[in-house]
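Residue strings, one per chain:
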Amino acid sequence: MWWRSASFIRDRQNQNPNPNPNPKPSSLLHSELDDSPSSPTSTSMAALNPNPNPISAYYQTRAEHHAVVTSDWLAQSADAAAGDVAASSGAASGGNKGEGGGVGVIEEFNYWRKKPDLAEAVAAVMALGAVIRSSEATTMNELDIELKKASNNLKSWDTTSISLSAACDLFIRYVTRTSALEYEDFDAAKRRLIERAEKFGEISLKARKTIAMLSQDFISDGCTILVHGYSRVVLEVLKMAASNKKLFHVLCTEGRPDRTGLRFSKELAALGIPVKLLIDSAVAYAMDEVDMVYVGADGVVESGGIINMMGTYQVALVAHSMNKPVYVAAESYKFARLYPLDQKDLEPALRPIEFGVPIPSGVEVETSARDYTPPQYLTLLFTDLGVLTPSVVSDELIQLYV
């Protein structure tokens, strides 16, 4: 499980001055909802997210967008189809708008997340904005409670998604952070909340363009860039560099088992960017010809390290040992108040593995989807907040959450 930061624990203690002598397990800290089997909210969410385990919903979405089809995914799709029938019948019976935006916010989120160019975290921001606009609350306190319940429902939808949880927390903080709302009439306060929600959504949507512009000075003519995994932010960086007539070469890892590198290399080739595909185990072999490494991130943690696709850690280790800079492109809504100490602190996020041959009986398969790269192996982080060193991330998190 994750080791939470000191600031996170302090805030939770302030909110709960009389802690329960029998606390919930840490895996349940992502949600303060009643998740008992009899809860209508959890039942509705189960219908909309029919197979939360053993495969992370985050990687289910990635697979859909990247058109990766395996026998495991086909089996899972059959399960999802059965869940869609249950969800449809629930909506037909009037379950479209649950308490705290329960079913409503999940359905709104599912609508936005199906758009391939939209990050899952931005889809959550859009869904929370819709909760404010459609709320029937008559007081700020009621609206605040409804918004927080909707946020908790989204975070509970997939507890393995770091960016989803961080975006929900940041949205709530950004929208409700001023005490001036307490002194306005409700209609005026609600309008201000809607304005802030739209502003936050606009900032989130523009984040990739901002990051791409900030990173251009670091890409020079004739350089060779190694990329690992499929990152829409990194793709935007390279796309802008190509549009600026810069000449560079890209080495792209295959990205097993998702094969996201195949999709990434195809998109680079379509842009006219010279690209070579590498098998993942050839990173050290090819590092001599690399000038810099660019990776995205599923989450940026308080230490300045990143959580990203499996293999990022070993790529960074090889690059660091050969004095090659490792650059991370990540939106600020992926900044999470988490502090993993090692790989075993990661919340499990699983994905299907296919080797193309039968797996011998009695052989265990590692299905973890991501790893943690400590800050000492990273050079710079390109974010919509600016170009940061890993050591500055903690300060930026304080500014975001205070």
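Analysis parameters
Residues numbered from 1 in each chain as written. Predicted model: local features only at pLDDT ≥ 70, side-chain atom pairs only at ≥ 80, totals over all residues. Heavy atoms only, no water. UniProt positions renumbered as here; feature names shortened; annotations may be inferred. Pairing = 2+ DSSP bridges. Helix = DSSP H or I, 4+ residues; strand = E, 2+ residues; numbered from the N terminus. Axes fitted to C-alpha atoms, helices over the stretch in contact; angles between N-to-C directions. Parallel < 35°, antiparallel > 145°, perpendicular 65-115°, else oblique. Left-handed = near helix turned anticlockwise from the far one by under 90°. Contact = heavy atoms within 4.5 Å. Nonpolar A, V, L, I, M, F, W, Y, C, P; charged D, E, K, R; others polar. Core = buried A, V, L, I, M, F, W, Y, C linked by side-chain atoms within 4.5 Å. Buried < 20%, exposed > 50% of the residue type's maximum accessible area, 1.4 Å probe, protein only.

As annotated in an unreviewed UniProt entry, the protein carries the name Translation initiation factor eIF2B subunit alpha and is attributed to Rhynchospora pubera. UniProt, in its Sequence similarities (unreviewed entry) section for the protein, records the words "Belongs to the eIF-2B alpha/beta/delta subunits family." Word for word, the UniProt comment on the protein under Subcellular location (unreviewed entry) is "Cytoplasm, Cytosol".

S.K.: Give a detailed account of the sheet that holds strand 3 (residues 275-278), specifying residues and quantitative values.
M.R.: Strand order across the open sheet formed by 7 strands is 3-2-1-4-7-9-10, with mixed pairing between neighbours. Edge positions in the sheet fall to strand 3 and strand 10 (386-388), since each of these pairs with one other strand and no more. With strand direction ignored, the average angle separating the axes of adjacent strands in the sheet is 25°. Here 3 bridges tie strand 1 (residues 223-227) to strand 4 (residues 292-295), and the two strands are oriented parallel to one another. Of the residues in strand 4, the one forming a bridge with valine 227 is tyrosine 294.

S.K.: So, the packing of helix 6 (residues 120-134) against helix 7 (residues 140-157): which residues are in play, and what are the values?
M.R.: The relative placement of two packed helices comes down to the angle between their axes together with the axis-to-axis distance. Interaxial distance between helix 6 and helix 7 falls to 10 Å at its minimum, and their mutual angle equals 150°. Taken together, the axis directions place helix 6 and helix 7 in an arrangement best described as roughly antiparallel. Relative to helix 7, the crossing made by helix 6 is right-handed. In this structure, helix 6 uses Glu120, Ala124, Ala127, Leu128, Val131 and Ile132 to contact helix 7, whose residues at the interface are Leu143, Glu146, Leu147, Ala150, Ser151, Leu154 and Trp157. Here the contact of helix 6 with helix 7 is built from residues that sort into 10 nonpolar, 1 polar and 2 charged.

S.K.: Describe the sheet that holds strand 5 (residues 299-300), listing the residues and the values that go with them.
M.R.: One open sheet accounts for 3 strands, arranged 5-6-8; its pairing is antiparallel. This sheet does not close on itself; its edge strands, each paired only once, are strand 5 and strand 8 (370-373). As paired strands, strand 6 (residues 306-309) and strand 8 are joined by 4 bridges and run antiparallel to one another. Across the sheet, isoleucine 307 pairs through a bridge with tyrosine 372, a residue of strand 8. Packed onto the sheet, helix 13 (residues 312-321) meets strand 6 and strand 8 and runs at close to 35° relative to strand 8.

S.K.: Can you explain the nonpolar core? Please cite residues and give values.
M.R.: Grouped together as the largest cluster of nonpolar side chains are 34 residues, with contacts concentrated most on Val105, Phe109, Leu128, Ile132, Leu154 and Phe171. Of all the elements in the fold, those that place two or more residues in this core are helix 5 (102-113), helix 6, helix 7, helix 8 (162-176) and helix 9 (186-215). For this core, the leading source of residues is helix 6, giving 10 residues. Core analysis: the second largest hydrophobic core is formed by 26 residues, Cys223, Val234, Met240 and Tyr294 among them.

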